[in-house]
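# Structural characterization, general
What follows is each chain in one-letter form.
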Amino acid sequence: PAPIVGQIPENGPAFAYARPDNFSIDTGPGAGLAAIVRNVILAGPDARLDCAIGGDAIEVRVPTDQAAKFSPRDQIRLTPRAVRVWRTPAAPAAE
């Protein structure tokens, strides 16, 4: 599991955020979020991997030399190195 940066919210609904440049990328079986590379954008020292996890999009930033190893439709595993977690605001009571 990724370490949580900052204050940990109390029990209850929450959401986590990981910076796009704070992921480890692996191939093959193992731990991590299963993702499919949709596009590789090589530009400058940092590159972007446009990926899909289920039906959701996620962008990961990596050094260009690492990104050049991937192609669209590659299956990868993404593991956040650190996340921030916020409590989900409670919905207003119905009147």
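Now for a quick tour of the structure. (Residues numbered from 1 in each chain as written. Predicted model: local features only at pLDDT ≥ 70, side-chain atom pairs only at ≥ 80, totals over all residues. Heavy atoms only, no water.)

This part is about the pattern of salt bridges. Following the criterion strictly, the structure yields four salt bridges and no others. With its nearest N and O atoms 3.1 Å apart, the salt bridge here joins Arg38 to Asp50. Here Arg38, found in strand β3 (residues 33-43), pairs with Asp50, found in strand β4 (residues 46-53); they are twelve residues apart in sequence, far enough to count as distant. Looking at Arg38, the relative accessible area reads 44%, which means it is partly exposed. A salt bridge links Glu59 to Arg61; the shortest N-O distance between them is 3.2 Å. A relative accessible area of 33% places Glu59 in the partly exposed class. (Salt bridge = Lys/Arg side-chain N within 4 Å of Asp/Glu carboxyl O. Helix = DSSP H or I, 4+ residues; strand = E, 2+ residues; numbered from the N terminus. Buried < 20%, exposed > 50% of the residue type's maximum accessible area, 1.4 Å probe, protein only.)

Before going further, it helps to examine a nonpolar patch on the surface. On the surface, a nonpolar cluster with roughly 330 Å² of combined accessible area is contributed by Phe15, Tyr17 and Trp86. Phe15 sits in the partly exposed class, given a relative accessible area of 44%. (Patch = residues over 30% accessible without salt bridge, like charges linked within 9 Å, V, L, I, M, F, W, Y side chains within 5 Å. Areas by Shrake-Rupley, 256 points an atom, 1.4 Å probe, with all protein chains shown as cover.)

Attention shifts here to the environment of Asp26. When you line up the elements, Asp26 lands in strand β2 (residues 23-26). Separated by 50 residues in the primary sequence, Asp26 and Ile76 have C-alpha atoms spaced 5.8 Å apart. For Asp26, the contacting residues outside a window of four places in its chain are Ile76 and Arg77. (Contact = heavy atoms within 4.5 Å.)

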